[in-house]
Amino acid sequence: MAQTRLPFSEIPPLRAAFRSVKRALRDRHGRLETEMATALPGPISRPALHMLRHITTVANGIDGLLSGVADRVFGDDPQRGEAYAPHRRASSQAEAEAAFPLSLTARRLGVTDPSGLLASAAPAFVAQDETIDADRASRILLGLLDRVGAPKERLALFSALLATLAARRQAALRETLAESAADLCAALQSEILAALATGDPARASLLLEKYSAHV
Amino acid sequence: MFDLAELVAALPPSNQPLRQAVRRLHWFRAAFEATARHCGETMGCAFAVDEHRLAGIFVRWLKSIEAQKPGARSEREEFFDFVPSLVLRELIADMPLKALCPPDNVAGNPPAEFWPEGYVCTMFCLAVHAKALDEEFHTRREIDRMVDDLRSWYSFKENAAEDTAFAAGFFQKLLGHEPNWTMPATFRARNRAPQ
């Protein structure tokens, strides 16, 4: 079906409205997390945390959906400037979604052109879900290393998987976990790169398990 | 010194026990930034935080905990008292804070005026320690009066510039312990309290 574009004059205010919906979503999620943590006693806050984890998933989905809808309806955003969303060039929605943490860690770690990295990794990342564990993450990682040789790109891959594993343990926005994982990996780069250079899945798995508790 | 209860209240909330939350970089960073913001508002100055440097500090601190953690459960509470002194050592060794202007509201607080960055880092360690100790052992430590003594801070800054392990000893003094000044950042070498 042919896509129709809105008249340009109507686009900026609509984009602004979309942005404010996204901002409100993020603000309210943050406030909800804080209120649950402070208002509820320990035993009650555990099921609440479980619920928040689902809300986080939904919030992340809605956030991505709003961005996708805005792009499809409005076309390129002239105000976006140098906004960074290379994952949107992925071949399917599932790949774009899966590559999102990797696009964040690649940016944080200063990967100059992440398009090759994302193209190589996105299909492997699609297979991830909430049941991912360190062993599986390690297999994904090592399976990609023959195509990903640059140290920063390897660290970006490692930290994206670390952020995914960390999301199993705590309810936090993906952006927060991805940034934190990337910074952690930058500080641990000699240890991580040395482990990856051996190609030993058990060693990579141990590191992923150990440091996912510290994201 | 600043009101410790206010410093504790400024820490971000967490669903996890603080001993776990503080070993997650994103909470550690949020807590450090919250303390810097709170102290900055009280002192009348703003601080810039170097996030990458803070990540390096966090990792070195984790590794010192890993290397020094005692096996015996009976030493757990003592180790709790000791661990923040290792954070302070790392913070002082690679200062991640920079005051963006001289503080203009520190008339009654000479240590904060003398060394704003060192003061904020120490307050961060005291706040996290106080909250963790309350959660785990339902107890609190009296902070030694030297915290308000400018001469102690002068000595702290000067000695830590030569050997950052001195920062760990300074923190233990603040908690009322007499450090082993030969190896103040080594838990096994600490002076044990008389039985």
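Each chain has its residues counted from 1, following the order in which its sequence is written. By the order in which they are written, chains take letters starting at A while ligands take numbers starting at 1. The model is predicted, so local features are restricted to residues of pLDDT at least 70 and side-chain atom pairs to those at 80 or more, both for listing and for counting; the totals for chains, interfaces and linings are taken over all residues.

What is the right way to look at the overall build of chain A in this model?
A count of helices and strands for chain A gives nine helices and zero strands. Taken from N to C terminus, the helices and strands of chain A fall in the order α-α-α-α-α-α-α-α-α. Buried, partly exposed and exposed are defined by the number of other C-beta atoms within 10 Å of a residue's own C-beta, namely 20 or more, between the two limits, and 12 or fewer respectively, with C-beta atoms placed from the backbone. Looking at chain A residue by residue over its 215 residues, the buried ones come to 35%. Any residue pair is listed as a contact if its two C-beta atoms, each placed from the backbone, are within 7 Å. Counted over contacts in chain A with a minimum sequence separation of 6, partners at least 24 positions apart contribute 68%. Elements are defined by DSSP. Helices are runs of H or I of four residues or more, strands are runs of E of two residues or more, and each kind is numbered from the N terminus.

What's the story with the overall build of chain B in this structure? I'm lost.
If you tally the helices and strands in chain B, you get nine helices and two strands. Counted from the first residue to the last, chain B has its helices and strands arranged as α-α-α-β-α-α-β-α-α-α-α. The C-alpha atoms of chain B give a radius of gyration of 16 Å, which matches the 16 Å a tight globule of 195 residues would have. Referenced to the eigenvectors of the C-alpha coordinate spread, the extents of chain B come out at roughly 45 × 40 × 30 Å. Using C-alpha atoms as the atom set, the radius of gyration is obtained and then compared with a globule rule of 2.2 Å times the number of residues to the power 0.38.

Whenever I open this one, the environment of Asn105 of chain B confuses me. Can you help?
Residues and elements named next belong to chain B. Along the chain, Asn105 falls in the loop between strand S2 (97-99) and helix H6 (110-114). On the basis of neighbour count, Asn105 is assigned to the partly exposed category, with 14 C-beta atoms found within 10 Å. On a C-alpha basis, the gap between Asn105 and Ile57 in space is 29 Å, while along the polypeptide they are 48 residues apart. Residues within four places of Asn105 in sequence aside, it is in contact with Thr42, Met43 and Gly44.

When you look at the interface of chain A and chain B in this model, what are you seeing that I'm missing?
The extent of an interface is frequently quoted as the accessible surface area lost upon association of the parts. Contact residues are listed per partner, giving 16 residues for chain A and 13 residues for chain B. Among the elements that take part in the side of chain A that touches chain B, helix H7 (residues 174-187) of chain A stands out by supplying seven residues, more than any other. Following the grouping adopted for this structure description, the nonpolar residues are Ala, Val, Leu, Ile, Met, Phe, Trp, Tyr, Cys and Pro, the charged ones are Asp, Glu, Lys and Arg, and the polar ones are all others, Gly among them. In terms of residue class, the side of chain A that touches chain B is built from nine nonpolar, six polar and one charged.

In this structure, what is going on with the packing of helix H8 (residues 150-162) of chain B against helix H9 (residues 165-174) of chain B? I would like to understand it.
Packed helix pairs are characterised by how far apart their axes lie and by the angle those axes make with each other. Residues and elements named next belong to chain B. The axes are straight lines fitted to the C-alpha atoms, using for helices just the contacting stretch, and the angles between their N-to-C directions are given from 0 to 180°. Relative orientation of the contacting elements H8 and H9 amounts to 150°, with a least axis distance of 7 Å. The pairing of H8 with H9 is recorded here as roughly antiparallel in orientation. Listed contacts from H9 to Phe156, Asn159 and Ala160 of H8 are Phe166, Ala167 and Phe170. Any angle from 65 to 115 degrees is called roughly perpendicular, while one under 35 is roughly parallel, one over 145 is roughly antiparallel, and all others are oblique.

Quick question: what am I supposed to make of the environment of Thr176 of chain A here?
For Thr176 of chain A, the position within the fold is in helix H7. Along the sequence, Thr176 of chain A and Ala163 of chain A sit 13 residues apart, while their C-alpha atoms lie 9.0 Å from each other.

When you look at the nonpolar core in this model, what are you seeing that I'm missing?
If you look at soluble globular proteins, the nonpolar side chains tend to sit buried side by side. Formed by 105 residues in total, the largest nonpolar core has its most connected members in Leu161, Leu162, Ala181, Leu184 and Cys185 of chain A. Per element, the largest residue contribution to this core is twelve residues, and it comes from helix H7 (residues 116-137) of chain B. We define the nonpolar core as any set of buried residues of the types Ala, Val, Leu, Ile, Met, Phe, Trp, Tyr and Cys, connected via C-beta atoms lying within 7 Å of each other.

Quick question: what am I supposed to make of H9 of chain B here?
An α-helical segment advances 3.6 residues per turn. Residues three or four places apart therefore align on the same side. Residue and element names in this part refer to chain B. For H9, the tally of buried residues reaches nine of ten residues, placing the bulk of the element in the interior. The set of residues buried in H9 consists of Ala165, Phe166, Ala167, Ala168, Gly169, Phe170, Phe171, Gln172 and Leu174. Lining the buried residues of H9 we find helix H5 (76-93), H7 and H8. A positive phi of about 90° marks Gly176, the residue just after H9.

What is the right way to look at the confidence of the model for chain B in this model?
Should the pLDDT be low somewhere, the predicted coordinates at that spot are not to be read in detail. Averaged over every residue, the pLDDT of chain B is 95; the share at 70 or more is 98%. This prediction of the complex comes with two scores: 0.79 for pTM and 0.91 for ipTM. Scored from 0 to 100, pLDDT records how confident the predictor is in each individual residue.

Any chance you could explain helix H5 (residues 134-144) of chain A here in plain terms?
When we look at burial in H5 of chain A, the residues that qualify are Ala134, Ala137, Ser138, Ile140 and Leu141 of chain A. Along the axis of H5 of chain A, the buried positions cluster into a sector of 160°, meaning they face one direction only. Arc definition: directions from the helix axis to the C-beta atoms.

What is the right way to read the confidence of the model for chain A from this model?
Considering every residue of chain A, the mean pLDDT works out to 76; 56% of them sit at 70 or more. Per-residue pLDDT stays below 50 along residues 1-8 of chain A; that stretch engages in five contacts with residues further than four places along the chain or on separate chains.

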